[in-house]
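# Observations on the model geometry
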Amino acid sequence: MIPNQELAKEIIAKRVAKELKDGQLVNLGIGLPTLVANYVKEGVNIIFQSENGMVGMGPAPEKGKEDKDITNAGGVPVTIMPYGAFFDSSMSFALIRGGHVDVTVLGALEVDQEGNLANWIIPGKMVPGMGGAMDLVVGAKKVIVAMQHTSKGQPKILKKCRLPLTAKGEVNMIVTELCVLEVTDKGLVLKEIYKDTTIDEIKSLTEADLIIPENVKIMDI
Amino acid sequence: MIPNQELAKEIIAKRVAKELKDGQLVNLGIGLPTLVANYVKEGVNIIFQSENGMVGMGPAPEKGKEDKDITNAGGVPVTIMPYGAFFDSSMSFALIRGGHVDVTVLGALEVDQEGNLANWIIPGKMVPGMGGAMDLVVGAKKVIVAMQHTSKGQPKILKKCRLPLTAKGEVNMIVTELCVLEVTDKGLVLKEIYKDTTIDEIKSLTEADLIIPENVKIMDI
Amino acid sequence: MNKVVDIEKIKPLFKNGMTLMIGGFLACGTPEKLIDLLINLNVKDLTIIANDTSFPDKGIGRLIVNGQVKKVIVSHIGTNPETGRLMNEGKLEVELCPQGTLIERIRAGGSGLGGVLTPTGVGTIVEEGKQKIVINGREYLLELPLRADIALIKGSIVDEFGNTFYRGTTRNFNPIIALAADTVIVEAENIVKIGELRPEDAMTPGVLVDYVIKGGE
Amino acid sequence: MNKVVDIEKIKPLFKNGMTLMIGGFLACGTPEKLIDLLINLNVKDLTIIANDTSFPDKGIGRLIVNGQVKKVIVSHIGTNPETGRLMNEGKLEVELCPQGTLIERIRAGGSGLGGVLTPTGVGTIVEEGKQKIVINGREYLLELPLRADIALIKGSIVDEFGNTFYRGTTRNFNPIIALAADTVIVEAENIVKIGELRPEDAMTPGVLVDYVIKGGE
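Everything numeric in this text was worked out from a predicted model, so none of it was measured.

Quick look at the overall build of chain A now. Looking only at helices and strands, one finds five helices and 16 strands in chain A. Over its C-alpha trace chain A gives a radius of gyration of 17 Å, about what one expects of a compact globule, namely 17 Å for 221 residues. Considering only residue pairs separated by 6 or more positions, chain A has 63% of its internal contacts joining residues 24 or more positions apart. Total accessible area on chain A is roughly 9200 Å²; 51% of this is exposed by carbon and sulfur atoms. Charged side chains in chain A number 24 positive and 28 negative. The centres of these two groups are separated by 2 Å.

With that settled, the discussion passes to the packing of helix H3 (residues 89-97) of chain A against helix H5 (residues 99-110) of chain C. Two numbers describe how H3 of chain A lies on H5 of chain C: the axes approach to 9 Å, and their chain directions differ by 130 degrees. Comparing the axis directions of H3 of chain A and H5 of chain C gives the class oblique. The two elements H3 of chain A and H5 of chain C meet at a crossing, and its hand is left-handed. Only Gln99, Gly100, Thr101, Ile103, Glu104 and Arg107 of chain C of H5 of chain C make contact with H3 of chain A, whose side of the interface consists of Ser89, Ser90, Phe93 and Arg97 of chain A. Tallied by class, the residues present in the contact of H3 of chain A with H5 of chain C amount to two nonpolar, five polar and three charged.

Scanning all chains against the criterion turns up 68 salt bridges over all chains. Close ionic contact of Glu182 of chain A with Lys191 of chain A constitutes a salt bridge, the shortest N to O distance being 3.4 Å. Residue Glu143 of chain C pairs with Lys130 of chain C through a salt bridge whose shortest N-O separation is 3.1 Å. Taken together, the positions of Glu143 of chain C in strand E7 (residues 138-143) and Lys130 of chain C in the loop between strand E5 (115-118) and strand E6 (132-135) put the pair 13 residues apart, joining distant regions of the chain. Several salt bridges converge on common partners, so that one network encompasses Asp67, Lys68 and Asp69 of chain A together with Lys154, Arg167 and Glu189 of chain C.

Further remarks concern the sheet that holds strand E7 (residues 117-118) of chain B. As a general point, the strands of a sheet are linked pairwise by backbone hydrogen bonds and lie either parallel or antiparallel. All names here are of chain B. Taken in spatial order, the three strands of this open sheet run E7-E6-E11, and their pairing is mixed. Because the sheet does not close on itself, it has two edges, and the strands there are E7 and strand E11 (157-158). By the bridge criterion, two bridges tie strand E6 (residues 110-112) to E7 in an arrangement that is antiparallel. Across the sheet, the residue bridging to Glu110 is Ala118, located in E7.

Pairing in this open sheet of three strands is mixed, and the strands run E7-E6-E11 (chain A) from one edge to the other. Looking at strand neighbours, the two that pair on one side only are strand E7 (117-118) and strand E11 (157-158) of chain A, the edges of this open sheet.

Contact with chain D, which involves 18 residues of that partner, is made by 19 residues of chain A. Taken together, both faces of the contact between chain D and chain A bury some 1600 Å²; the carbon and sulfur share is 70%. Here chain D and chain A share zero salt bridges between them. Taken together, chain D and chain A are joined by six residue pairs in polar contact (both at pLDDT 80 or more). Looking at the side of chain D that touches chain A residue by residue, the classes come out as 11 nonpolar, five polar and two charged.

Here we come to the interface of chain A and chain C. The interface of chain A with chain C comprises 35 residues on the first partner and 40 residues on the second. In total, about 2900 Å² of surface goes out of reach between chain A and chain C, with carbon and sulfur atoms giving 60% of it. If you look at where chain A meets chain C, you find four salt bridges. Across the pair Asp67 of chain A and Arg167 of chain C runs a salt bridge, and its minimum N-O distance is 2.6 Å. Across the chain A-chain C interface, the total number found is 15 residue pairs in polar contact (both at pLDDT 80 or more). Looking at the side of chain A that touches chain C, the elements with two or more residues in it are H3 and helix H4 (133-139) of chain A. Considering each element in turn, the side of chain A that touches chain C owes the most residues, four residues, to H3 of chain A. For the side of chain A that touches chain C, the class distribution of residues is 15 nonpolar, 11 polar and nine charged.

Cut-offs used in this document
- Residues numbered from 1 in each chain as written.
- Chains lettered and ligands numbered in written order.
- Predicted model: local features only at pLDDT ≥ 70, side-chain atom pairs only at ≥ 80, totals over all residues.
- Heavy atoms only, no water.
- Helix = DSSP H or I, 4+ residues; strand = E, 2+ residues; numbered from the N terminus.
- Rg over C-alpha atoms; globule rule 2.2 N^0.38 Å.
- Contact = heavy atoms within 4.5 Å.
- Areas by Shrake-Rupley, 256 points an atom, 1.4 Å probe, with all protein chains shown as cover.
- Lys, Arg positive; Asp, Glu negative; His and termini not counted.
- Charge placed at Lys NZ, Arg CZ, Asp CG, Glu CD.
- Axes fitted to C-alpha atoms, helices over the stretch in contact; angles between N-to-C directions.
- Parallel < 35°, antiparallel > 145°, perpendicular 65-115°, else oblique.
- Left-handed = near helix turned anticlockwise from the far one by under 90°.
- Nonpolar A, V, L, I, M, F, W, Y, C, P; charged D, E, K, R; others polar.
- Salt bridge = Lys/Arg side-chain N within 4 Å of Asp/Glu carboxyl O.
- Pairing = 2+ DSSP bridges.
- Buried area = accessible area lost by both parts, 1.4 Å probe.
- Polar contact = N/O pair within 3.5 Å; in protein donor to acceptor, adjacent residues only side chain to side chain.

Read these as geometric descriptors, not functional statements.
In structure tokens form, the structure reads like this:
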């Protein structure tokens, strides 16, 4: 376990950043996934999409230089890169649902060994709504779930999601502070583990069945 | 009969022009309907749509002042009024099919007493294609057929169209050089006749059944 | 051709029980002066179709807090706790719709389409009560059109005829809802004379607009 | 980030039997230099999806006259007598599609929709072989998506990243086909540096574009 929350998030964000390839169009969800942008390597040009109507989203503006007309999907002022474009919501989701977004990175409440994802509602408790998440998960070419491995010690990687789904069988990869899992037809394959954990620890913190190949690599971040 | 073709077309165009009300968005088909624009009264502002991607279409440019990037649906250079807008084809047909076009004026090969229209194909002979006509006839709030009453002496206003239809039951009004017909649930009502014709002559040149009210007006153009 | 009116002029348009579409994404691109007007008029039992219910002190959020809304059709309510509270108390009906589906439903309503087939929501509770159609072996949900009585739009630069240019990310739902309502009102940050906007910049053609009112900057 | 290439570079992309979408409306907004290239390469058995087959001496019309086309999916062929002649001789397959339906089918193909329901064509031969769906008592045709291997686009001002601005009525099918093809090539009337186009003017976002080539003016 990585009790330090900040370190956990940093590990996840760094590892996800390594999945992004030069020239890709990427949508980062609110919260933890947003941190990924901070760890993209120099020389790797990633184009960020914001589903409220922009590609080429840039970093946060300097204090006092905020432009009220340029915000991200969280309603927060951002900037746009010189190669960026603004458009309306129907174009934004044409890009998303039409397979033009290469990678989407989202958080999860639960994810399971069939690639199902639940991240938009806890009935009777928290009903934020799905926003653009359902379209992103269905439409993006690659779906990466970026989340802490457990929630209050309880597994979030399950045999079968119990919460209402965001999408069925669309997740391709799960990155936590402990490991990298690939979703395959046969189930979840453990690809990498963090240097300070063990396969046994990961198994103990995961409800889903894990396929453990012979050579599980140490997460390189 | 009005043997003078030019006069016939002028009568039709003048009469259709009177149907257009201030502020309406109007699409004029290629050919005869285009002439309607010449007869709109001073002070009546009609906004013309061209389905290739413009509202606020203006008159033909002066010779030598053509702009290759501003053409109408016939591919011919036109101008745009200061209140006009350019857009793509999906927006253009959102306007058309979405009921935002108040009036469309089209020619016809045949029209019938149920408001059916045929104007896009003579199988084995002439297959120009429907272009935007099917969408216009289905989508516009009011559909006016503007055509000469007969073709080579043969009726074009039929009991039932014989050619493949452009749309079913969408025509609201038929304007020829001889008369104005309104399409109603009960059939075609003769509303006006041209000053130099008679109801009997119109009947003899029309295959469709006509409903003749007590007071048929003289066409006021 | 001049559609610019004093805000007094449009007051009679609003009635209790109406369906409104309102532009904006978390208040970016929302016509705040028109929201002020709705609060002033205190019209009730509104159905609001929009991306979200904003924050309690901004845009649509203010109508929620002021108890004027009977139902919302939105993709997200998480930024306005009052929406969730009223929903849980049974005082506000919330229909959640995936964002991409919501904007397509509005576009369909405004462009004469009977519906669209989307893969979004298949296998989730979003599919409940909806027709499923299989195309080339893949399941799609048939999503139906949405329309409103009035659309409230925020434009950055608007000419007197209603041609509207949206700056930055203020565009979002605005140009699409302009297609899907019986009456369209644009709140303009800047009003210019006819002819001052390039025809290519009229992201909403003025022909769709009924009234232009001057908003704040 | 610079996608501007010499026209030689894109030659290997074209193969016999491909499906191409080509922008333009009666040649206004058609990339003529890319048409030149196709004629030069003499690729055959093409399927072309476009608004029309233009005139015999312009745009797509030239490919028809040159005998390179196996099938067209268009709304209109009346301005090119050669299209009709080849069709009647059984040498060219012509699928006619209402213009509004055609652009929606392309948009659906480019935006992940499984289809759209349109009232256009109901009660005509256009409905043959298509599923009819009744929504609120009105009949609609289920029209299916279209996609292509390559989209050929004409832009008025294009930056090196591919962001494209269309002047006047040259826009027509161009921004929609840019969504619906595996490879997108823009012929630019004017090429500018990245940053010289306002982000609001990128009617086709550069992220959709693979190659930019310099066209004539």
